[in-house]
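# Fold and contact review
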Amino acid sequence: MAGISHVLSVAKEALLTHQLSLQVASHNIANVDTAGYTRQSLQLETHNATPISSGMLGGGVKGTNILRNYDQFMVQRLASQESNLGSLEAQQESMRLVETVFNEAPGLAINDLMNQFWSSWQDLSDNPEISGTRQAVIQSSQLIIDQLHTMTSEMTQAKFDIGVSLDTAIGDVNSIVSQIASLNVEISGTESAAGQANDLRDKRDTLVNDLSKLLDISFFEDKNGAYTILMADGHTLVESNESWQVDWENNELIWVNTDNDGAETRRPIGGGAELGGKIGGWLEVRGNLIEGDPDNFLGRLDAFANSLIRELNQQHTQGVGLNLFSDTLTGAEVAKNVARLTSTVDATTDITSIPAGSITINGREIGDIIGGGDQSGLAMTKAYNAVNAINTAEAGVEARLTTLTAGTAVDATTNILAGDVVNLTVNGVAVSYTVAAGDVGFPATFATNLAAEITSDLSAYNSLATTANPVTIEAIAGDGTNGGVANSIVFSNLNEGDGSSITVANLGITRAGVPMAFTSDLGLDTINGNSYTADATHNTGKITIFSTASYTINAGADDAILAQLGLTNPPFTFDTQSGDGTITYGPDISNQGPLLPGYDYFDELDTTGSFDIWVYNNDGSLAMAQPVTVSLERVYDLDDVVRAIDTAMTNAGAVTGGTPWVDASTYGNSLRLTPDAGHQFAFANDTSNFLQVAGINTFFSGNSAATISLNSVIAGDLNTLAAATVGPQGQIFRGDNTNSLKVTNIQHDEYVTFTGGTRNTLDGFYNTLVGQVANTTRTITHSYDSTLLVNKQVKEMRDSVSGVSLDEEMANLVKYQHAYTAAARLITMSDEMLQTLLDSVR
């Protein structure tokens, strides 16, 4: 109703409303420096109008809601930018630590030390008989060793420091998501249709912003005002009043779900920059510092050290020092216990290819394994492709095939008669079989008996004391499913993963001493005179995987892919859950003798080669006119090598009273050579690389930047430094520099092979690594600077909407104060009008 009371009501509401506006402005001013605070403003509306005779009379003003000046899009964009910036900042900080490791400042840089190393070998070749030049080689080598050790120690420390930061960040994430879940509950319970809990929402947004600095996240608000927060891969961190935890292990972020019974489900999410935030950045750099990855910084440094060790050792083993070996010589390398796993590839799925990435070994993805049709029941092609894919992946294991070859079906019905004598040689071992009456007319019986005779004769040969290299081959009758057609003779190596050659030759049949012309009836003409090693069509369809440590094979969520490779139920596994697509396989300590795959450089071993041992009397004269040549043909374990050396000595006549002049034995899984009291020895012509593999007469020991060291034999006696080589007649000259010159030439060898198959010079490979580190840092720094500018712009855009401007708030204060004063004046005027009215009545 119009009148003085209406004026008084409008004035009262205006007074209260502008007072509230002043309070909101005061709240803004008070929080001008509060992190995450969003500017608030009072939403004003007119009161309902009152109908009068003249029309609708306005009812004044009212404050309906205190609003946040909030732009959801800008907040989301800022969270994304904070995640990118956090990742780059973490990478930049960590890469500064890595850069110092590869600092090529003059003095102790690897390039300078390598130049000194090669120069010392050049000086040695100029004066091989002077102890000073030998000492210089030792000193320059030790400087490289010390620097590589320092570099690996610094990388280990950097990895540890990053791990500490990760521990702290993971704790922060878990704390933040828990707080956000609690705020979700508080906000949902506090808010109503009357208004939002602005300050609580600011607090929650601040936590979300802090979380985005640690991880890449996305978030949205439900109808109750609660946030749902998701990680980049879709895993939930917060939903309403629930929160989930994260953890990290093996350089991967783990999402952790704990059910009502306290049981945990742990799922790996990722281990690099794709996670976003500081956690993703730290994991990205730390991934370049962990062991077992040949492609990261540490792996490439190890590859440099590995190739340096290998190249120097392979050449050094070909030489001789000023002194011959007169005392016991023990190999610097140890044949470790081997995890040896042999599986039969499933022939029923042999044509099915396994796509790249379906299988990982020790976290390394295995490439495409192409299927192929079976050969007489064996998946030879697929096994061959699997071995190549596994070895290409550089997963810390070595895969091998086992050689198999087969003839065609025998014919025992046409020409062969009882009493005929079948003759052949298998890898040079003579085999003779007299056809029995029961063989004639029965091909299956003939094939079975002939195969049994071949196996028996080979076994007898192997048991001879004069046999240096046993022929570990067996023969069986083919049945169409075992690699040979029915009634054929199938030859295969006995030792798992032995790809040595099988040679069948000198095939013949005699009758009463007269050679017959129907040797084709034996079905062996197709392989007679040929040598076969394990390849795509000559293998047992089995894969043998060697490793000196436990390894894990993962092939998805179930065992379907593992079953294709026959890996579902291998022995010696530490598999804790059947059918989960994963097995962990451990070393087999039941092996008879240390297997040669237990050597770190096993992949360099060529068992078709040999090495020479020259034996001298104590006065330096030759004990024999020729060297003792030790063949490595078909050796499989260290005991085989011992037998090969001792038997070769015996067969050469280098023996006294049954004791070889140089006696071989094993000591702690290393090879040991001991000369008798009257002899000394030296090495030459190693075409097998065995001396390098076993650490005999080598310069370095170890296989990585952390383990590289000088061979203790050289460190203890400078005169064993092999600058010379043994001449073709066994002669040795003190001034001979032939081997040191060859060592010097390694510096310029452009075809040095590194882990992963890369070829380069040693210096070139290391400089490429240094350049990669520098380029990575430069790229990160450039991206960080650009992202920092974008982040600043996004913050300014956000603040233009949500930030508190003191100038604007002061202007508002003046405006609200004037409005408040005017409303107060209205009340005064209403009072005066009412007083006048009352006075007129008296």
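Below is a short write-up of the structure.

### Thoughts on the overall build of the protein
Check the secondary structure of the protein and you find 16 helices and 38 strands. Taken against the 2.2 N^0.38 rule, which gives 28 Å for 842 residues, the C-alpha radius of gyration of the protein at 41 Å runs more than 25% over that of a compact globule. With the principal axes as the frame, the protein shows a C-alpha extent of 160 × 75 × 40 Å. Counting the 842 residues in the protein, one finds 48% classified as buried. Taking the intrachain contacts of the protein between residues at least 6 apart in sequence as the baseline, contacts between residues at least 24 apart amount to 68%. Accessible surface, the protein: about 36300 Å² in total, of which carbon and sulfur atoms supply 51%. Taking the average location of the 39 positive side-chain charges in the protein and that of its 97 negative ones, the two points are 12 Å from each other.

### Looking at helix H3 (residues 110-126)
Look at H3: 24 Å from first C-alpha to last across 17 residues, which is about the 24 Å you get at 1.5 Å a residue. Residues of H3 that are buried: Ile-110, Leu-113, Met-114, Phe-117, Trp-118, Ser-120, Trp-121, Leu-124 and Ser-125. Projected onto a plane normal to the axis of H3, the buried residues spread over an arc of 150 degrees and lie on a single side. Buried residues in H3 make contact with helix H4 (131-190), helix H7 (297-316), strand S35 (700-701), helix H14 (738-745) and helix H15 (762-802).

### Points about empty space enclosed by the protein
A full pass over the atoms with the stated rule returns two cavities of 30 Å³ or more. There is about 70 Å³ of room inside the largest cavity. As for the largest cavity, its lining consists of Leu-341, Ser-343, Ile-359, Ile-361, Ile-366, Ile-369, Ile-390, Ile-543, Ile-545, Ile-553, Leu-565 and Leu-567. Mapped onto the lining of the largest cavity, the elements with two or more residues apiece are strand S13 (339-344) and strand S25 (542-547). Across the lining of the largest cavity, the residue classes break down as 11 nonpolar, one polar and no charged. The calculated volume of the second largest cavity comes to roughly 40 Å³. Lining the second largest cavity are His-316, Phe-325, Leu-329, Asn-697, Thr-698, Asn-711, Val-713, Ile-714 and Thr-720.

### Here we look at the pattern of salt bridges
Summed over the entire model, instances satisfying the criterion amount to 18 salt bridges. For the salt bridge of Arg-201 with Glu-221, the shortest nitrogen-to-oxygen distance reads 2.9 Å. Of this pair, Arg-201 sits in helix H5 (residues 198-214) while Glu-221 is found in strand S5 (residues 217-221), placing the two residues 20 residues apart along the sequence. The partly exposed category is assigned to Glu-221, whose relative accessible area is 36%.

### Quick notes on the packing of aromatic side chains
With the rule as written, the count across this model stands at 17 aromatic pairs. On the numbers, 5.5 Å between centres and 35 degrees between planes, the contact of Phe-325 with Phe-681 is tilted. Pair noted here: Phe-325 is in the loop between H7 and strand S12 (329-330) and Phe-681 is in strand S34 (residues 679-684), with a separation of 356 residues, a long-range link. Neither residue differs from the other here; Phe-325 and Phe-681 are each classed as buried. Consider the rings of Phe-681 and Phe-683, whose centres lie 5.6 Å apart with planes at 85 degrees: the pair is edge-to-face. The class of Phe-681 is buried, set by a relative accessible area of 0%. For Phe-683, a relative accessible area of 0% puts it in the buried group. The ring of Tyr-667 carries Arg-672 above its face, with NZ or CZ at 3.8 Å from the centroid.

### Focus: the sheet that holds strand S14 (residues 360-361)
Strand pairing in a sheet is mediated by backbone hydrogen bonds. Such pairs are either parallel or antiparallel. Overall, antiparallel pairing links the four strands, which are arranged S15-S14-S26-S27 in an open sheet. For this open sheet the edge positions go to strand S15 (364-365) and strand S27 (582-585), each flanked by a neighbour on one side alone. Two elements, S14 and S15, share two bridges in a ladder whose sense is antiparallel. The partner of Thr-360 across the bridge, within S15, is Glu-365.

### Comments concerning the sheet that holds strand S9 (residues 245-249)
If you walk across this open sheet you meet the three strands as S9-S10-S11, and the pairing is antiparallel. Among the strands making up the open sheet, the edge pair consists of S9 and strand S11 (264-270). Recorded for the sheet is a direction-independent mean angle of 35 degrees between the axes of neighbouring strands. One ladder, built from six bridges, connects strand S10 (residues 252-258) with S11; its direction is antiparallel. Across the sheet, the residue bridging to Trp-255 is Arg-267, located in S11. Here helix H6 (residues 277-286) sits on the sheet and contacts S9, S10 and S11; the angle it forms with S10, its principal contact strand, is near 130 degrees.

### Side note on the side chain of Asp-612
Mapped onto the secondary structure, Asp-612 falls in strand S28 (residues 610-617). The side chain of Asp-612 is buried and forms no salt bridge, while Lys-742, the nearest opposite charge, is found at 13 Å. At 3.0 Å, the side chain of Asp-612 and the side chain of Asn-685 are in polar contact.

### A short note on unusual backbone geometry
One non-glycine residue, Ser-240, adopts positive backbone phi at about 55 degrees. Positionally, Ser-240 belongs in the loop between strand S7 (236-239) and strand S8 (242-243). Positive phi, close to 50 degrees, is recorded for Ser-376, a residue that is not glycine. Within the fold, Ser-376 resides in the loop between S15 and helix H8 (380-392). Of the residues examined, Ser-376 reaches a relative accessible area of 23% and is grouped as partly exposed.

### Some words on the nonpolar core
Membership of the largest hydrophobic core comes to 126 residues, with the highest contact counts inside it found for Phe-102 and Phe-690. The element that contributes the greatest number of residues to this core is H4, accounting for 19 residues. If sequence neighbours within four positions are ignored, Phe-690 has contacts with Leu-596, Tyr-599, Leu-605, Phe-611, Leu-632, Leu-638, Val-641 and Leu-671.

### Quick notes on the packing of H3 against H15
Between H3 and H15, the shortest axis-to-axis distance is 11 Å and the interhelical angle comes to 175 degrees. In terms of axis orientation, H3 runs roughly antiparallel to H15. Contact residues: H3 offers Ile-110, Asn-111, Met-114 and Trp-118, while H15 offers Leu-762, Asp-763, Tyr-766 and Asn-767. Counted by class, the contact of H3 with H15 contains five nonpolar, two polar and one charged residues.

### Considering the pairing of strand S18 (residues 421-426)
Relative to strand S19 (residues 429-434), S18 runs antiparallel, the two sharing six bridges. Bridge assignment links Asn-423 to a residue of S19, and that residue is Ser-432. Turn length for the S18-S19 hairpin, with the two strands adjacent in sequence and antiparallel, is two residues, and the turn residue Asn-427 shows positive phi of about 50 degrees. Pairing between S18 and strand S22 (residues 502-511): five bridges, direction antiparallel. Bridge pairing links Asn-423 to Gly-508 in S22.

### Focus: the environment of Asp-259
By secondary structure assignment, the location of Asp-259 is in the loop between S10 and S11. The spatial distance from the C-alpha of Asp-259 to the C-alpha of Asn-651 is 72 Å, given a sequence separation of 392 residues. Only 2.9 Å separates the side chain of Asp-259 from the backbone nitrogen of Asp-261, close enough to count as a polar contact.

The rules we used
Residues numbered from 1 in each chain as written. Predicted model: local features only at pLDDT ≥ 70, side-chain atom pairs only at ≥ 80, totals over all residues. Heavy atoms only, no water. Helix = DSSP H or I, 4+ residues; strand = E, 2+ residues; numbered from the N terminus. Rg over C-alpha atoms; globule rule 2.2 N^0.38 Å. Buried < 20%, exposed > 50% of the residue type's maximum accessible area, 1.4 Å probe, protein only. Contact = heavy atoms within 4.5 Å. Areas by Shrake-Rupley, 256 points an atom, 1.4 Å probe, with all protein chains shown as cover. Lys, Arg positive; Asp, Glu negative; His and termini not counted. Charge placed at Lys NZ, Arg CZ, Asp CG, Glu CD. Expected span 1.5 Å × (residues − 1). Arc of directions from axis to C-beta. 1 Å grid on protein atoms, 1.4 Å probe; cavity = no way out; pocket = protein on both sides within 12 Å on 5 of 7 lines; lining within 4 Å. Points joined across faces, edges and corners; volume = space filled by probe spheres on them. Nonpolar A, V, L, I, M, F, W, Y, C, P; charged D, E, K, R; others polar. Salt bridge = Lys/Arg side-chain N within 4 Å of Asp/Glu carboxyl O. Phe/Tyr/Trp six-rings, centres within 6.5 Å; stacked < 30°, edge-to-face > 60°. Lys NZ or Arg CZ within 6 Å of the ring centre and 35° of its normal. Pairing = 2+ DSSP bridges. Axes fitted to C-alpha atoms, helices over the stretch in contact; angles between N-to-C directions. Polar contact = N/O pair within 3.5 Å; in protein donor to acceptor, adjacent residues only side chain to side chain. Core = buried A, V, L, I, M, F, W, Y, C linked by side-chain atoms within 4.5 Å. Parallel < 35°, antiparallel > 145°, perpendicular 65-115°, else oblique.

Note that every value here comes from positions in space, so none of it alone points to a role or purpose.
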